[in-house]
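# Overview (structure and organization)
Listed below, chain by chain, are the residues.
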Amino acid sequence: MGMTGVLRPGHAAVRVLDMKEAMHFYGEVLGLIETGRDSYGRVYYRAWDERDHNSIILREADQAGIDFFGFKVDSPATLDKLEADVRAYGYPTERIPAGDLLQTGERVRFEIASGHAIELYAEKGKANSPQMVDNPPPWNPESERGIAPIRFDHGLLYGPDIEKVQDFFVNVLGFYLTEQILLEDGKTQLAIWLACSNKAHDIAFVRHPEPNKLHHVSFLLESWEKVLRAADIMSMNRISIDMGPTRHGVTRGTTIYAFDPSGNRFETFAGGYQTYPDWDPLTWTWEEVGAAVYYHDRQLNPAFLEVVT
Amino acid sequence: MATHTVRFVETGETLACNDRLTLLQAMERLGRKGIPVGCRNGGCGVCKVRVLEGSCERRVMSRAHVAIEEESAGYALACRIIPTSDLCVTVIGKMGRAFARPEQDRKLTGE
Ligand code: FES
Ligand SMILES: [Fe+2]
């Protein structure tokens with residue numbers, strides 16, 4: 001088993017319109033653990049079973065959306081190598097000093113063809129949670145508070161030129177394509193799912209005319225039953241649900257799409273299969289695009305393609 | 001609890017709206033249509049309307065969709081306004097645009 005290079009999605013920085021409301025949602029309803037606040041007023045969270053200090057970073061702003069999406073790499077040497085590879089590919093990179101994000105080492109940031117700011121980093125402080133490391137119990141009070149996902153899992157981003165995005169992620173960052181949806185012509189991709197691990201996806205993109213848009217950040221739950229529990233908690237808290245509980249054809253995850261109090265979509269999901277890099281990607285044709293996204297309804301809701309932040 | 005009447009200029013349809021619900025909530029709760037529904041939280045912009053007459057309470061909404069000048073001209077996101085009088089509104093937001101195509105990608109990104 002060799003998981004090397006880019007390890008996983010490590011952090012996402014999300015803009016919120018009202019920090020107080022956002023903190024109630026992310027902290028109490030979603031049930032993430034607040035791990036810090038910085039001098040810019042950003043608030044940091046992690047999910048209960050994550051080992052690093054933070055994964056979701058909120059910033060109050062006058063518009064919703066995503067500031068950047070970061071991947072953790074296996075070592076500082078890999079960070080240097082990938083920085084050089086990204087530059088050689090033709091993308092300018094910026095080094096953001098260690099400590100700019102709490103407990104986070106140097107980050108290398110660049111913009112990809114879809115207009116998103118992507119970051120790589122090698123170091124993040126450990127979650128301060130000894131009870132999860134020494135003789136760890138299978139669950140604890142934090143794993144039961146609110147929706148309480150296991151981890152921040154992946155993102156779906158919207159923007160133009162997704163074939164260029166795929167080329168970059170595959171040929172520079174070492175990802176592989178796990179699934180795709182094709183348009184009527186049977187060639188042009190509407191959407192791509194990419195993995196750097198053996199999850200069915202670590203990041204995904206949908207073709208969209210406007211660059212740098214967020215469709216959702218996603219959080220992993222343990223079971224379909226927890227997905228139903230999440231839906232109950234959402235309704236009890238008047239959370240705006242977009243779709244679900246249902247199943248995605250793509251990745252086979254059981255899912256709910258809903259919106260945070262600033263209109264940023266998030267997903268809580270369970271399941272999906274394991275992949276390997278030597279597998280051929282799964283392809284969904286235009287005729288079955290509905291089932292690809294919502295397996296039971298077999299049709300898209302208009303919001304899937306058009307409601308983004 | 002006061003009830004206000006919201007009139008849509010395009011269709012002449014009216015909607016009763018109490019002073020605890022946003023315009024979008026009032027519409028959705030009655031199973032009515034007319035304003036596109038997206039995030040319901042002021043972020044995505046699909047529920048944009050212009051208030052031509054009347055007053056409402058406004059909650060924070062994304063500047064990406066309602067610029068300051070627009071706000072003073074009555075533009076708003078229906079999921080972030082609560083009518084405080086009878087209103088006359090026109091629907092600006094749209095859903096159901098064509099899918100993005102590679103050609104469109106290039107046009108919009110200026111390549
Ligand atoms: S529905 Fe998204 S801004 Fe109103
Ligand atoms: Fe997802």
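Just so you know, these numbers come straight off a predicted model, no measurement behind them.

All right, on to the interface of chain A and chain B then. Taken together, the 30 residues of chain A in the interface contact 27 residues of chain B. Across the chain A to chain B interface the summed buried area is about 2,300 Å²; carbon plus sulfur atoms make up 56%. The residue Glu21(A) makes a salt bridge to Arg59(B) at a minimum N-O spacing of 2.8 Å. Between the two partners, chain A and chain B, sit seven residue pairs in polar contact (both at pLDDT 80 or more). Elements that contribute at least two residues to the side of chain A that touches chain B include exactly strand 14 (240-247) and helix 6 (302-306) of chain A. In terms of residues, the side of chain A that touches chain B owes the most to one element, helix 6 of chain A, which gives four residues. Considering only residue class, the side of chain A that touches chain B consists of 14 nonpolar, seven polar and nine charged.

Counting across every chain of the model gives zero disulfides over all chains. Not part of a disulfide, Cys88(B) finds its nearest cysteine sulfur in Cys56(B), a span of 12 Å.

What follows deals with the sheet that holds strand 2 (residues 14-18) of chain B. All names here are of chain B. Across the sheet, which stays open at both edges, the five strands sit in the order 2-1-7-3-5 with mixed pairing between neighbours. Edge positions in the sheet fall to strand 2 and strand 5 (75-77), since each has one partner strand and no second. Along the sheet, successive strands turn relative to each other by an average axial angle of 40°, direction set aside. Alignment of strand 3 (residues 48-53) against strand 7 (residues 87-91), held across four bridges, turns out to be antiparallel. Its bridge partner being in strand 7, Arg50 is matched across the sheet by Thr90.

Residues and elements named next belong to chain A. A full pass over the atoms with the stated rule returns two cavities of 30 Å³ or more. Of the pockets and cavities examined, the largest cavity occupies roughly 120 Å³. Lining the largest cavity are 15 residues, with Trp193, His201, His216, His248 and Tyr257 positioned closest to its centre. Elements that contribute at least two residues to the lining of the largest cavity include exactly strand 9 (151-159) and helix 5 (289-293).

Residue and element names in this part refer to chain A. Each assigned domain of chain A is listed with its residue range as follows: domain 1 (6-143) and domain 2 (151-306). Taking the mean C-alpha position of each, domain 1 and domain 2 sit 20 Å from one another. Contact residues are listed per partner, giving 41 residues for domain 1 and 39 residues for domain 2. Roughly 3,100 Å² is buried in total at the junction of domain 1 and domain 2, and carbon and sulfur atoms are behind 73% of that figure. Three residues stand out in domain 1 for area buried against domain 2, namely Phe25, Tyr89 and His116, and they jointly supply 17% of the buried area on that side. Taken together, domain 1 and domain 2 are joined by zero salt bridges. Along the contact surface separating domain 1 from domain 2 lie nine residue pairs in polar contact (both at pLDDT 80 or more). Elements with a minimum of two residues in the side of domain 1 that touches domain 2: strand 1 (6-16), helix 1 (19-29), strand 5 (65-73), helix 2 (76-89) and strand 8 (117-121).

Rules and cut-offs
- Residue indices follow the written sequence of each chain, beginning from 1 at its first position.
- All chains are assigned letters beginning at A, and all ligands numbers beginning at 1, according to the order in which they are written.
- The predicted origin of the model limits local features to residues at a pLDDT of at least 70 and limits the giving and counting of side-chain atom pairs to 80 or more, whereas totals for whole chains, interfaces and linings rest on all residues.
- As a convention, hydrogens and water are excluded, and side-chain values are obtained from all of the structure's heavy atoms.
- Note on definitions: a residue-residue contact is assigned when non-hydrogen atoms from the two residues lie within 4.5 Å.
- Accessible-area loss on putting two parts together, using a 1.4 Å probe and summing over both, is the definition of buried area adopted here.
- Salt bridges are counted wherever a side-chain nitrogen of Lys or Arg sits within 4 Å of a carboxyl oxygen of Asp or Glu.
- N or O atoms within 3.5 Å of each other form a polar contact, as long as, within protein, one can give a hydrogen and the other can take it, and as long as residues adjacent in sequence are counted only when both atoms are side-chain atoms.
- The way it works is that DSSP assigns letters per residue, a run of H or I at least four long becomes a helix, a run of E at least two long becomes a strand, and they are numbered from the N terminus.
- Only Asp, Glu, Lys and Arg are considered charged, only Ala, Val, Leu, Ile, Met, Phe, Trp, Tyr, Cys and Pro nonpolar, and every remaining residue, Gly among them, polar.
- Two cysteine sulfur atoms form a disulfide, by the criterion used here, when they sit within 2.5 Å.
- In short, DSSP must find at least two bridges between two strands for them to pair.
- Throughout, an axis means a line fitted to C-alpha atoms (over the contacting stretch in the case of helices), and angles, computed between N-to-C directions, take values from 0 to 180 degrees.
- Every definition here rests on a 1 Å grid over the protein atoms only: cavities are sets of points where a 1.4 Å probe fits but cannot get out, pockets are open sets enclosed by protein on both sides within 12 Å along at least five of seven lines, and lining residues have some atom within 4 Å of a point.
- Grid points are joined across faces, edges and corners, and a volume is the space filled by probe spheres set on the points.
- Either an automatic procedure or a domain database provided the assignment from which the domain bounds are taken.

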